Amino acid sequence: MKNLVFTMILAVLTTFATSVRAQNYPREYLGLPGDNLNLYAVMDLFRNSETLEGFEKSLNSPDLRINNLDLNGDNMVDYITVSDFVNKKVHTIVLRAILGPNDYQDVAVITVQMLKKRKVLIQMIGDEALYGPNYIIEPFLANKPKQRFYGGELYADNYYTNNTIEINNYYTAVYEWPLIVFIYDPHYMEWHSPWFWGYYPDWWFHWSPWYWHFYHGYHSCRSNHYYAHYHHWDYVRYSDYHDFYYNGIRRYSPQVNNNIEEGLYKTTYSKPELRRDGANYFTNTRLTNPNERSRDGVAPSSRRVAPGAAVNTGEVGRRTAPARESVRSATVTTTRRVSESGSEELRESQRRETETREAPRRATEVREAQRREIESREVEAREAQRREAESREAEAREAQRRDMERREAEAREAQRREMESRAAEARETQKRDMERREAEAREAQRREAENRAAEAREAQRREIESRAAEAREAQRREAENRAAEAREAQRREAESRAAEAREAQRREAESREAEAREAQRREAESREAEAREAQRREAESREAEAREAQRREAESREAEAREAQRRELESRAAEAREAQRREAENRAAEAREAQRREAENRAAEAREAQRREIESRAAEARRRE
């Protein structure tokens with residue numbers, strides 16, 4: 001009987017603990033380090049960015065409060081780089097955290113596929129080490145049928161037809177997001193973040209991360225906006241994702257896996273009371289500006305310091321998989337039934353605990369009701385203004401559309417011509433610069449080759465004279481063998497240089513080499529003939545005795561000479577290759593920098609021209625009205 005009572009009490013307490021845990025963690029909870037980087041907020045930021053460089057800066061900005069990752073456990077938020085890897089018409093944009101020297105961890109990947117004219121497919125895929133498998137976010141957009149005026153597509157919460165929404169889950173017009181227009185510009189070049197460990201931009205500084213409950217409370221105030229515009233998907237739509245990215249580009253850090261297994265991240269979940277503070281902090285810093293709600297994803301004009309209690313003092317923790325709403329409600333019901341059969345003290349404890357937990361929720365519900373009421377009033381006012389504006393614009397819409405299309409065509413044609421002319425000028429400048437550098441390199445190589453040939457000829461001359469003076473007919477044969485080997489070494493050296501230089505250098509080197517060999521041959525033959533005649537008359541009697549000793553001496557000297565020549569040739573070839581490699585790297589770096597600056601200037605000029613055109617059109621429309 002005692003065992004039965006003890007078992008019942010243990011079951012009640014276990015069920016109660018499970019219920020409390022389910023209530024403390026919302027459905028956004030993953031139990032992985034990715035909880036501290038809200039991919040819905042990252043996708044919304046991507047939608048409102050104009051360049052990848054600006055997207056990286058905003059992602060790491062402390063004012064927007066999106067990046068809260070501390071994967072290396074140094075109590076400082078990690079810097080996230082953005083790099084674009086292009087495969088035909090598909091852009092694979094990688095978000096990568098810097099954890100240490102040569103230590104990186106991919107956070108998420110954005111795949112952008114051009115399917116047809118003005119149609120792209122966009123997905124954000126969280127890395128499985130941080131978010132688990134198949135954590136994918138993509139846009140959730142609705143098309144307005146039979147739309148006959150400029151405006152593109154509307155979001156799903158803005159357009160209804162007979163209480164139904166026409167949904168297109170992943171297709172969106174190219175011009176809808178400025179960053180898509182930017183990366184599919186004909187003159188766009190792959191963007192790769194230049195920053196690495198210990199080398200960061202001037203505006204960046206490290207700050208301590210928040211506790212997860214504070215971070216979640218802060219971003220939960222925009223959950224309705226996120227879930228209306230983006231939704232979760234179950235599989236990757238890009239067919240080459242695994243071959244191109246996962247098996248080729250992905251970087252992962254063993255340090256992150258070890259920290260998860262050792263439970264070094266769990267203290268970030270130890271402050272559930274800060275969830276309400278996070279929501280209040282959002283209200284005080286983001287909603288105080290009346291223009292904040294007019295455009296989603298725009299950062300506030302000034303940074304406000306987060307409360308000191310919300311700073312995470314150390315590790316990040318292990319989390320469990322998200323619980324579904326149906327399971328959570330069933331667990332709460334079971335807990336209530338078991339608790340009613342328990343003791344009076346347990347019910348009183350549960351009641352006090354429930355009141356304590358319900359107080360922040362009720363305050364949140366009151367704020368949410370006030371926010372909904374304000375939003376409903378704003379929606380009604382906007383609807384009235386929209387109906388009034390549509391009644392005035394119905395007559396002028398078709399004329400404006402034709403006028404705008406004509407002007408857009410003219411503007412696009414002018415921009416195309418301007419970009420083509422600039423691209424031609426840039427290519428001509430680069431070509432001239434490359435030709436000048438190649439001419440300088442060829443001249444330097446020619447002078448170096450002449451100096452080496454002169455040194456080789458002088459060394460060979462001295463060697464042949466000394467050996468011809470000491471040896472007889474045997475020395476002559478040995479000298480011929482050495483000359484043949486020297487010519488072979490010179491031929492191999494000339495061939496290696498000719499493979500690295502142009503065809504003109506090869507012909508010039510061969511002509512110089514042929515002349516040198518002919519001159520050496522004639523000089524050697526004349527000297528050898530004189531030496532043979534003198535030696536024959538002078539030392540025929542000593543020839544038999546000295547022949548063996550001279551042969552051994554000649555072999556040792558020849559071996560030493562060949563080894564010295566080989567080392568000299570190898571050192572000179574290595575120096576030449578290193579100089580050419582450094583020059584090529586410098587030229588490539590300068591060319592990339594010039595192209596990047598040119599692309600930025602073109603993008604800025606195009607945006608300025610579009611802005612002036614839109615303003616002029618709006619002014620003309622107002623004058624007509």
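What comes next concerns the included structure.

## Comments concerning the nonpolar core
Here is step 1 of the chain: Leu 37 and Leu 95 are the most contacted members of the largest nonpolar core, which has 47 residues in total.
Here is step 2 of the chain: Among residues more than four places away in sequence, those in contact with Leu 37 are Val 42, Leu 59, Ile 66, Asn 67, Leu 69, Ile 80, Val 107, Tyr 131 and Tyr 215.

## So, unusual backbone geometry
Here is step 1 of the chain: A positive phi angle is found at Arg 65, which is not glycine, with a value near 60 degrees.
Here is step 2 of the chain: Inspection of the secondary structure puts Arg 65 in the loop between helix H3 (52–59) and strand E1 (80–87).
Here is step 3 of the chain: The backbone of Lys 88 shows a phi angle near 60 degrees, a positive value even though the residue is not glycine.
Here is step 4 of the chain: Note on placement: Lys 88 falls in the loop between E1 and strand E2 (90–100).

## Quick look at the pattern of salt bridges
Here is step 1 of the chain: Scanning the model with the defined rule gives 78 salt bridges in all.
Here is step 2 of the chain: In this structure, Glu 50 and Arg 607 form a salt bridge, with 3.2 Å as the shortest nitrogen-oxygen distance. One end of the pair, Glu 50, is in the loop between helix H2 (39–48) and H3; the other, Arg 607, is in helix H16 (residues 540–624), with 557 residues separating them in the sequence.
Here is step 3 of the chain: Look at Glu 50 and you get partly exposed, because its relative accessible area is 42%.

## Observations regarding empty space enclosed by the protein
Here is step 1 of the chain: Evaluation of the coordinates by the stated rule reveals two cavities of 30 Å³ or more.
Here is step 2 of the chain: What the second largest cavity holds in volume is close to 70 Å³.
Here is step 3 of the chain: Taken together, Arg 467, Ala 468, Ala 471, Arg 472, Gln 475, Arg 476, Ala 479, Glu 528, Ala 531, Arg 532 and Gln 535 make up the full set of residues lining the second largest cavity.
Here is step 4 of the chain: For the lining of the second largest cavity, the secondary structure elements donating two or more residues are helix H13 (397–470), helix H14 (473–500) and helix H15 (503–538).
Here is step 5 of the chain: With four residues, H15 is the largest single contributor of residues to the lining of the second largest cavity.
Here is step 6 of the chain: A class-by-class count of the residues in the lining of the second largest cavity yields four nonpolar, two polar and five charged.

## Section: the environment of Ala 504
Here is step 1 of the chain: Within the element layout of this structure, Ala 504 appears in helix H15.
Here is step 2 of the chain: On the basis of relative accessible area, Ala 504 is assigned to the partly exposed category, the value being 48%.
Here is step 3 of the chain: Each C-alpha atom of the pair Ala 504 and Arg 442 lies 9.5 Å from the other, and the pair is 62 residues apart in sequence.

## Some thoughts on the packing of aromatic side chains
Here is step 1 of the chain: A complete count under the given rule lists 23 aromatic pairs for this structure.
Here is step 2 of the chain: Note on Phe 46 and Phe 55: the rings are 5.4 Å apart at their centroids and 85 degrees apart in plane angle, and the pair reads as edge-to-face.
Here is step 3 of the chain: The class of Phe 46 is buried, set by a relative accessible area of 0%.
Here is step 4 of the chain: Given the relative accessible area of 0%, Phe 55 is considered buried.
Here is step 5 of the chain: Judged by centre distance (6.3 Å) and plane angle (45 degrees), the rings of Tyr 200 and Trp 204 are tilted.
Here is step 6 of the chain: Residue classification places Trp 204 among the buried residues on the basis of a relative accessible area of 8%.
Here is step 7 of the chain: Aromatic ring contacts, followed pair by pair, group Tyr 79, Tyr 200, Trp 203, Trp 204, Phe 205 and Trp 207 into a single cluster.
Here is step 8 of the chain: Between the NZ or CZ atom of Lys 271 and the centre of the ring of Tyr 211, over which it lies, the distance is 5.9 Å.

## Brief notes about the pairing of strand E3 (residues 103–116)
Here is step 1 of the chain: Taken across its 14 residues, E3 has 11 buried, putting it largely inside the fold.
Here is step 2 of the chain: Relative to E3, E2 is paired through 10 bridges, and the arrangement is antiparallel. Within E3, the position partnered with Val 94 by the bridge is Val 109.
Here is step 3 of the chain: The pairing of E3 with strand E4 (residues 119–126) spans eight bridges and is classified as antiparallel. Each residue of the ladder has a partner; that of Gln 113, found in E4, is Leu 121.
Here is step 4 of the chain: Between the antiparallel neighbours E3 and E4 lie two residues, among them Arg 118 with a positive phi of about 60 degrees.

## Quick look at the side chain of Asn 60
Here is step 1 of the chain: By the element assignment, Asn 60 lies in the loop between H3 and E1.
Here is step 2 of the chain: The class of Asn 60 is buried, set by a relative accessible area of 0%.
Here is step 3 of the chain: Setting aside anything within four residues of it in sequence, one finds Asn 60 in contact with Asn 67, Asp 78, Tyr 79, Ile 80, Trp 203, Trp 204 and Trp 207.

## Regarding the pairing of strand E5 (residues 136–139)
Here is step 1 of the chain: Pairing of E4 with E5 involves two bridges; the strand directions are antiparallel. The residue of E5 that forms the bridge with Ile 125 is Ile 136.
Here is step 2 of the chain: Pairing between E5 and strand E10 (residues 230–233): four bridges, direction antiparallel. Looking at the pairing, Glu 138 lines up with His 231 of E10.

Rules and cut-offs
- Residues numbered from 1 in each chain as written.
- Predicted model: local features only at pLDDT ≥ 70, side-chain atom pairs only at ≥ 80, totals over all residues.
- Heavy atoms only, no water.
- Core = buried A, V, L, I, M, F, W, Y, C linked by side-chain atoms within 4.5 Å.
- Buried < 20%, exposed > 50% of the residue type's maximum accessible area, 1.4 Å probe, protein only.
- Contact = heavy atoms within 4.5 Å.
- Helix = DSSP H or I, 4+ residues; strand = E, 2+ residues; numbered from the N terminus.
- Salt bridge = Lys/Arg side-chain N within 4 Å of Asp/Glu carboxyl O.
- 1 Å grid on protein atoms, 1.4 Å probe; cavity = no way out; pocket = protein on both sides within 12 Å on 5 of 7 lines; lining within 4 Å.
- Points joined across faces, edges and corners; volume = space filled by probe spheres on them.
- Nonpolar A, V, L, I, M, F, W, Y, C, P; charged D, E, K, R; others polar.
- Phe/Tyr/Trp six-rings, centres within 6.5 Å; stacked < 30°, edge-to-face > 60°.
- Lys NZ or Arg CZ within 6 Å of the ring centre and 35° of its normal.
- Pairing = 2+ DSSP bridges.

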